[in-house]
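Single-letter residue listing:
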Amino acid sequence: MDIIVCVKQVPGTSQVEIDPVTGVLKRDGVASKLNPYDLFALEAAFRIQEQAGGTVRTLSMGPDQAISSLLETVYMGAGSGVLLSDRRFAGSDVHATSYVIQSVVRQMGHFDLVICGKQTTDGDTAQVGPEMAEMLGIEHAANVLSIDEVDEAGITVTLNLDDVLQTQRMAFPCLITIEKDANTPRLPSYRRMKERGKDMITVYSAGDLDAVDESRCGLKGSPTQVERIFPPEKNRDKELLEGTPQELQAALAALLRSRKLI
Amino acid sequence: MYKTVTASDLEFLRVAASPDRVLTGTEISEDYSHDELAGVKHMPEVLVKVASTEEVSAIMRYANEHRIPVVVRGSGTGLVGAAVAIYGGIMLETTGMNQILELDEDNLTVAVQPGVLLIDLAAYAEKNNFLYPPDPGEKSATIGGNISTNAGGMRAVKYGVTRDFVRALTVVLPSGDVVKLGGKVVKNSSGYSLLHLMVGSEGTLGVITEATLKLLPLPEVSISMLVPFQTIRAAIEAVPAIIKSQASLTAIEFFERETVLFAEDYLGKKFPDTSYPAYLLLTVDGNDRSGVEAELFRVADLCMAQGAPDAFLVDTDERKESVWKARGAFLEAIKASTTEMDEADVVVPRDKVAEFIIYTHEIARQLKLRIPSFGHAGDGNLHVYVCRDNLDEENWRSLLAEAFRLMYDRAAQLCGLVSGEHGIGYVKKPYLLASLDAAQIELMRGIKKVFDPNDILNPGKLF
């Protein structure tokens, strides 16, 4: 069983500055941490590995300082990590990020399963995992709550579709994203930290990738154009609608219409 | 003896406070008859939800004149029956006096009313970039209660206990007189410290109606480490070496897997690691991340040299939450695991912790009781719980008494004391009396008499 876990380094606090010109996160000088959602993905991978054997490798895209997050995955239990770091990839939106990362996945040799966190705490889109899977042409399931069965041919998972839980069987290779609190992630091991160094992490630049179309990477490869980023207005007014999805739909439409919002 | 509360007394209380804050009979919830743990129960005759120093003063003056017993209660999270109205009378509840009155950034102090909850004070301090270091597991306790028991908590190793953070108190004496003890001063050699006499006096000397507390600048970095061990003995025996290494630790907690499993059940949430029989949980704080890490890694190396198979980093908010939330729930979790329990909160010299805990295991085997424990290995304060499980009343009472006798005897042999932070209250009186010499008890009784000649304030407690 060969697993690749995609992770991201995110700002360590919610006090994040955004470049007013490019709309890109200012990462310099800001303490960083491993995206908390990715911890559940890592734990899911380690548990599958404990049961089925094989390897867990981690993969991230980001500046050089993201090596520390990949090392953290190694201290938690990953065998090795790959960092994709090149200014040409900077400013990638969801689409460009998915394109670049799946290009690396293709180059990482055999894999059965790709696991991602449900979303990141900085981007919050929850789209990169499924979009990568589409580009890789493999089956995928998002918001996975539990891994019910793993065998040589595939995996059975239960996913959270809000109103219902769905159990889904997929053949390898496939991709899953793990729901928050699906497990309790293990802690990084100091013993592993002492035993394993930076040589566990391979850093790739654009030139190391076999078949990547640079026009599809970075800001220029991103169809999303950020016009403006601003903190949301804080509004404590709250109205709670209750009922079935159909009733809620009607009630919400009526509410919006009455306020001339639609 | 004491006077029973009459209609005219109620009339007075309704005028002194306000009618809606004076409760009697079935208006008083059964909760007010006991605290969180101690087996002792008794209802007050009247419950007054007090709102000001002036109110408390008027009530105390009246009660003193009429010889009506008065007991002060905060959130009722005590564990030794200190806030139980064993003689009935008037109960003054302080939780309505829950305002944070002043943050003095020039003197690094915060003034609070006694009913402010620890959890609220800690959050308020942090929001303003300060640390209020005392950190008992029970975060819903009031500050008044914390001062009255001299609560300690998990950061005592580095910062000390509640006493070390009390700068001034406004106290209503049993006579009704109001005194202001201490001040916003850092040093004080001005006569006997009545301030410190009040701290830890368990509501027997006066009613605290305002407290000025010392704050520290909030450390920028705080990292914990969960260190597993193959036996509880190995875990606790590593502690003297850690202390001797002069490591600057904020917390050194120990616990066993069994306790963690109870906490998992209680919280409905898994702990990050339960594969080892015992753990130490260590914290280092400071302002420089690399310095904090270096100190923590030095201790991790020391633990591994002492036989710890690994050490796990608890370095992010999410990881701290997953570990410390469980630690904070241990008492409740053990309570939920049994039908009834009682606790010994002994404190022993730090190099005797292992010996004492191993002895509690012997008692458990000998008496066929379940006696889980956890505690502050770094300061020698242990929380040992004797669980009733399926025992019938008679067996439970006699085995509990025997277990306690053995434990307190051993604590005394090890030069320990009856209570580290929960106090004596009502239920631990025999053990205090047995552990201190007669001269000390007489001095305490004399002090009580000076403050409260009619013995109306929290009578029947401590000794």
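See above for the structure.
As the structure is a prediction and not an experimental result, all values here were calculated from the model. (Residues numbered from 1 in each chain as written. Chains lettered and ligands numbered in written order. Predicted model: local features only at pLDDT ≥ 70, side-chain atom pairs only at ≥ 80, totals over all residues. Heavy atoms only, no water.)

Scanning chain B for helices and strands turns up 15 helices and 18 strands. Its C-alpha radius of gyration of 22 Å places chain B within 12% of the 23 Å reference for a compact globule of 463 residues. Structurally, chain B occupies a C-alpha span of about 70 × 60 × 45 Å along its principal axes. Residues classed as buried in chain B amount to 56% of the 463 residues present. Considering only contacts within chain B whose residues lie at least 6 apart along the sequence, 73% involve residues at least 24 apart. When the accessible surface of chain B is split by element, carbon and sulfur atoms take 52% of a total near 18,700 Å². Where the 45 positive side-chain charges of chain B centre and where its 63 negative ones centre are 2 Å apart. (Helix = DSSP H or I, 4+ residues; strand = E, 2+ residues; numbered from the N terminus. Rg over C-alpha atoms; globule rule 2.2 N^0.38 Å. Buried < 20%, exposed > 50% of the residue type's maximum accessible area, 1.4 Å probe, protein only. Contact = heavy atoms within 4.5 Å. Areas by Shrake-Rupley, 256 points an atom, 1.4 Å probe, with all protein chains shown as cover. Lys, Arg positive; Asp, Glu negative; His and termini not counted. Charge placed at Lys NZ, Arg CZ, Asp CG, Glu CD.)

A few words on the side chain of H422 of chain B. Summarising the element assignment, H422 of chain B is placed in the loop between α13 (393–413) and α14 (429–435). With residues near it in sequence (within four places) discarded, H422 of chain B still touches L79, V80, T149, E343, D345 and H383 of chain B.

Right, let's talk about the sheet that holds strand β4 (residues 55–61) of chain A for a bit. Residue and element names in this part refer to chain A. Taken in spatial order, the nine strands of this open sheet run β9-β8-β7-β10-β6-β1-β4-β5-β11, and their pairing is mixed. The two strands at the open ends of the sheet, each matched to only one other strand, are β9 (165–171) and β11 (201–204). Adjacent strand axes in the sheet meet at a mean angle of 35°, parallel and antiparallel pairs treated alike. In the sheet, β4 pairs with strand β5 (residues 80–84) via five bridges, with the strands oriented parallel. Of the residues in β5, the one forming a bridge with M61 is L84. (Pairing = 2+ DSSP bridges. Axes fitted to C-alpha atoms, helices over the stretch in contact; angles between N-to-C directions.)

To continue, consider the pattern of salt bridges. Taken as a whole, this structure holds 43 salt bridges over all chains when the rule is applied. Here R319 of chain B makes a salt bridge to D315 of chain B, at a shortest N to O gap of 2.8 Å. Given the relative accessible area of 4%, R319 of chain B is considered buried. Residues joined by salt bridges that share partners form a network here, namely E43, R47, E50 and R186 of chain A. (Salt bridge = Lys/Arg side-chain N within 4 Å of Asp/Glu carboxyl O.)

Bringing helix α1 (residues 7–16) of chain B into the picture now. Residues three or four positions apart in an α-helix share a direction because the helix packs 3.6 residues into each turn. Residue and element names in this part refer to chain B. Among the residues of α1, those classed as buried are D9, L10 and L13. Looking down the long axis of α1, one finds its buried residues gathered within 100° of arc, a one-sided arrangement. Exposed and oriented more than 90 degrees from the buried face of α1 are A7 and V15. Elements in contact with the buried residues of α1: β1 (22–24), β2 (46–49), α2 (53–66) and β4 (90–93). (Arc of directions from axis to C-beta.)

Residue and element names in this part refer to chain B. With six of six residues buried, strand β13 (residues 251–256) is to be regarded as a mostly interior element. Alternating positions in β13 separate into two faces, A251, E253 and F255 on one and I252, F254 and E256 on the other, with burial throughout. Examined bridge by bridge, β13 and strand β14 (residues 278–286) share six bridges and lie antiparallel to one another. Counterpart to E256 in the pairing with β14 is A278. Inspection of the sheet shows β13 paired to strand β17 (residues 373–376) by three bridges, in the antiparallel sense. When the sheet's bridge partners are listed, F254 is paired in β17 with G375.

Residues and elements named next belong to chain A. Of all five residues making up strand β6 (residues 113–117), five are buried, and the element is well covered by its neighbours. Of the two faces of β6, the one holding L113, I115 and G117 and the one holding V114 and C116 are both buried throughout. Pairing of strand β1 (residues 2–6) with β6, which is carried by four bridges, proceeds in the parallel orientation. Among the inter-strand pairings, I3 is bridged to a residue of β6, identified as L113. Here five bridges tie β6 to strand β10 (residues 174–178), and the two strands are oriented parallel to one another. Note on β10: the bridge partner recorded for G117 is I178.

Here we come to the sheet that holds strand β5 (residues 100–104) of chain B. All names here are of chain B. Pairing in this open sheet of five strands is antiparallel, and the strands run β5-β6-β10-β8-β9 from one edge to the other. Two strands in the sheet have a free side with no partner beyond their single neighbour: β5 and β9 (178–182). Across the sheet, the axes of successive neighbouring strands diverge by a mean angle of 15°, strand direction being ignored. Pairing geometry for strand β8 (residues 166–172) and β9, over five bridges, is antiparallel. Each residue of the ladder has a partner; that of L169, found in β9, is L181. Lying on the sheet, α2 is in contact with β8, β9 and β10 (207–214); it crosses β8 at an angle near 50°.

As a further point, take the environment of Y192 of chain B. Mapped onto the elements, Y192 of chain B comes out in the loop between β9 and α6 (194–198). As a C-alpha pair, Y192 of chain B and L205 of chain B span 13 residues in sequence and 15 Å in three-dimensional space.

This part takes up the nonpolar core. With 102 residues, the main nonpolar core has I115, I155 and I176 of chain A together with L280 of chain B as its most contacted residues. Of all the elements, α13 of chain B adds the most residues to this core, at nine residues. With near-sequence residues (within four places) excluded, I155 of chain A lies in contact with I48, L113, I147, E149, V150, Q168, R169, M170, F172, C174 and I176 of chain A. (Core = buried A, V, L, I, M, F, W, Y, C linked by side-chain atoms within 4.5 Å.)

Taken together, the 16 residues of chain A in the interface contact 21 residues of chain B. At the boundary of chain A with chain B, total buried surface from both sides reaches about 1,500 Å², with 58% on carbon and sulfur atoms. For chain A, the biggest contributors to the area lost against chain B are T184, L187 and Y190 of chain A; these three give 46% of the whole. Linking chain A to chain B there are three salt bridges. A salt bridge links K194 of chain A to D301 of chain B; the nearest nitrogen and oxygen atoms lie 2.7 Å apart. Run the count over chain A and chain B and you get twelve residue pairs in polar contact (both at pLDDT 80 or more). Elements that contribute at least two residues to the side of chain A that touches chain B include exactly α1 (36–52), α2 (67–76) and α5 (190–195) of chain A. Broken down by element, the side of chain A that touches chain B gets its largest block of residues, four residues, from α5 of chain A. Looking at the side of chain A that touches chain B, its residues break down into eight nonpolar, two polar and six charged. (Buried area = accessible area lost by both parts, 1.4 Å probe. Polar contact = N/O pair within 3.5 Å; in protein donor to acceptor, adjacent residues only side chain to side chain. Nonpolar A, V, L, I, M, F, W, Y, C, P; charged D, E, K, R; others polar.)

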